[in-house]
Amino acid sequence: MLMYLALLCLLACLAGLLTRAIRAPFAQTLPLTLTGVSLAAYLFTGAGEKEWLPLFVLPAAAAAAFFALRRGAGPLRLGPPFFALLLAMGLTMALSGQIQLTVFDDVAHWGLFTRQISGMDQFPTAAQSASAFSDYPPGLQMLTAFLHLYTPRVTVAAMIDTQMLWYMGLTLPLLADFGWQKRWWSNLLLVGGEAAFLLVFPAFYTKYHQMSLVVEPVMTLLLGWALLTAWRSPRPGLWDLAAVSGALSLLAISKSTGILYALSGMAAVMALWAGPLRETARRGGPWARLTALGAAAAPPAFWLTWQVLCRLKGTSSYFTQDVSAGAFGPANLLEFFTGGGQAGEVIPHYLQFFCFEPLNRTGGLSALGALLLFWALVLALRRLAPRRRALTVAGAGLTVVFLAYAVMLCYSYLYLFDADEAAQLAAYHRYIAPLPIAMLYLALGALAPFAARLNTPRRRGLALACAAAAFAFGVNWTAATELVPGWFLQHRAPNVEEANWAREQTEMQPVFDSFVPEMYSRDASTLVLTEGPQWAHDCRLYKFELAPGGTLSLNPVEFGDDVAEKYAWWAAGGWPLKYVFCTWNGQTVADVLALTDAAGAPLRANCLYRMEADGSLVFEKELAAPAR
């Protein structure tokens, strides 16, 4: 925990030094620092040299300190956002210990992969990986990997803390225009209000805030920050290019859809920077042109590095498999556009969701509502901002992309998802949200400098009433208050799957508490003898708990008559530490294999055995039984 805090402080110090070195506010340098370190961690891990990452970070901090302390450097521009972040992150870290991962994707992928990659120096092969598919690149998880360079065992609380750091760090730019006031009590209210805004803002558009590691809400903020940075820098400099390019590059390696958002963001940025880009192309020197070309090439280049890594590691894509299976065949296309078959049922349901279903599942904006609000704010900006044409062109391009994406998402439900997922529109809220909410983020950030105009006797009351209504009716307060002690799971009605995950984790906790520490080592492999397959909840929880250590669930469902052969394969593996865990329902599997310990006694349920170099099993300890 101390090393985690030390590296977190290093990032904060680096962001603070950059405020002087590049003359930018802390609200802008912190996202730049988070994205830069994440991209560096990705590159070092891709090269298999993650342990050398400090050799990049420490010189970067030294260079920032040098330029920050030189004569003529700018002031230290921390401002209220810095103290608001300290307050909000302090509350998060103090209260996140009660959070459980209740979303399937967290236990089966995002949380599992975070634990795995934090304990390894390179990306795993397909055989080792938590996910055998390339659709889940680890861009956002690399920040957690950096913060756990010297504490490879990642707790759920630390995962939530880092996820909240992403949320808050990428929300800070919306507060960059709010500086110190003349009265001390005004400043206290300002810092407290900004801290509350950092904690609450994501709950306007997602229910996963404070309780999940899903990446789409953070991808939304990345795209919004890139667009807002481009809007705020009519004549972009080196650091503006670095911020926008870094955000879009990280977006491209955050999920399979990230490249779509990154390319859409690049097109919108080109519209916002059309004038400076034309001037650079006509009159700029070689350095200016190369810098612009490098910034534009970075997002697709990072995406290509992930594709190459996937080929080298042996992973494949869901999308590739679906295309080869004929998902985009003429028959499916005809059925979709004519509304035949299942399309006649799913499309009306989808349109109803698109028009009316709140993105945060309780109140507030639907996808269409967010789009309409964006254009209403753009019309308001046309009377205030001098670059209104560029914003209109960028918004029109993003709107076209969003509508095309919405059609593609509906098609995906029909021909890429299972039938029951299509009927339920599974995970619709997080799939549809990134583009319209990023557009809203841009509009809100563009309007922020004009907020002072509302502070007049005639406008103040109306502005406060509108803000109160937005918070009262637009926020998913359940999602915004998961951190309140005793409220997690108790003040909301989790769906059946979430409730099952929470209950089963609680039941299995006595077993986990009795594991020996060596089982968690990345050099360890545990053979789990069980009657259930690897996709059963118990097996997924064993795998999640023991990561970065490896696990293999040996069971008759998957292996049938080949269990003995699979056991021999595992026993011949080259792991330095090997354990056999006979679970509460694993004794029948042990009996089939006729396994005995070194004393000749048969293996017993709820017991752990260590495998010696000669293949014999030595009784390690009796473990607790699940609390069922």
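Residue positions are given per chain, counted from 1 along the sequence in the order it is written. The model is predicted, so local features are restricted to residues of pLDDT at least 70 and side-chain atom pairs to those at 80 or more, both for listing and for counting; the totals for chains, interfaces and linings are taken over all residues. Only heavy atoms go into the side-chain values, all of them from the structure, while hydrogens and water stay out.

Between any two strands, pairing holds if DSSP finds at least two bridges. By the criteria applied, helices consist of DSSP H or I runs no shorter than four residues and strands consist of E runs no shorter than two, each listed in order from the N terminus. Relative to strand β5 (residues 617-622), strand β4 (residues 607-611) runs antiparallel, the two sharing five bridges. Note that in β5 the partner of leucine 608 across the bridge is lysine 621. In this antiparallel pair of consecutive strands, β4 and β5, the connection spans five residues, and glycine 615 shows a positive phi of 90°.

The next subject is the packing of helix α10 (residues 238-252) against helix α13 (residues 286-313). Contact geometry for α10 and α13: axes closest at 7 Å, N-to-C directions at 15°. With respect to each other, α10 and α13 are oriented roughly parallel. For the pair α10 and α13, the sense of crossing is right-handed. Here Leu238, Leu241, Ser245, Leu248, Ser249 and Ala252 of α10 lie close against α13, whose contacting residues are Thr291, Ala295, Ala298, Pro299, Phe302 and Trp303. When grouped by side-chain class, the residues that make up the contact of α10 with α13 number nine nonpolar, three polar and no charged. Angles shown run from 0 to 180 degrees and are taken between the N-to-C directions of axes, each axis being a line fitted to C-alpha atoms and, for helices, limited to the stretch in contact. Our angle categories are set so that under 35 degrees counts as roughly parallel, over 145 as roughly antiparallel, 65 to 115 as roughly perpendicular, and the remainder as oblique. Throughout, a crossing is termed right-handed when the near helix is turned clockwise from the far one, and left-handed when it is turned anticlockwise from it by less than a right angle. Should any heavy atoms of two residues lie within 4.5 Å, those residues are considered in contact. Throughout, the ten residues Ala, Val, Leu, Ile, Met, Phe, Trp, Tyr, Cys and Pro are labelled nonpolar, Asp, Glu, Lys and Arg are labelled charged, and all others, Gly among them, are labelled polar.

Glancing now at the environment of glutamate 620. Among the secondary structure elements, glutamate 620 is positioned in strand β5. The rule is simple: take the accessible area with a 1.4 Å probe, protein chains only, and divide by the maximum for that residue type; under 20% is buried, over 50% is exposed, in between is partly exposed. Residue classification places glutamate 620 among the partly exposed residues on the basis of a relative accessible area of 27%. Sequence-wise, glutamate 620 and arginine 183 are 437 residues apart; in three dimensions their C-alpha atoms are separated by 65 Å. Excluding residues that lie within four positions of it along the chain, glutamate 620 makes contacts with Val516, Tyr579, Leu608, Tyr609 and Arg610. Whenever a nitrogen or oxygen atom comes within 3.5 Å of another N or O atom, the pair is scored as a polar contact, on the condition that within protein one atom can donate a hydrogen and the other can accept it, and that pairs from neighbouring residues in sequence are kept only if both atoms are in side chains. Within polar-contact distance, the side chain of glutamate 620 engages the side chain of arginine 610 at 2.5 Å.

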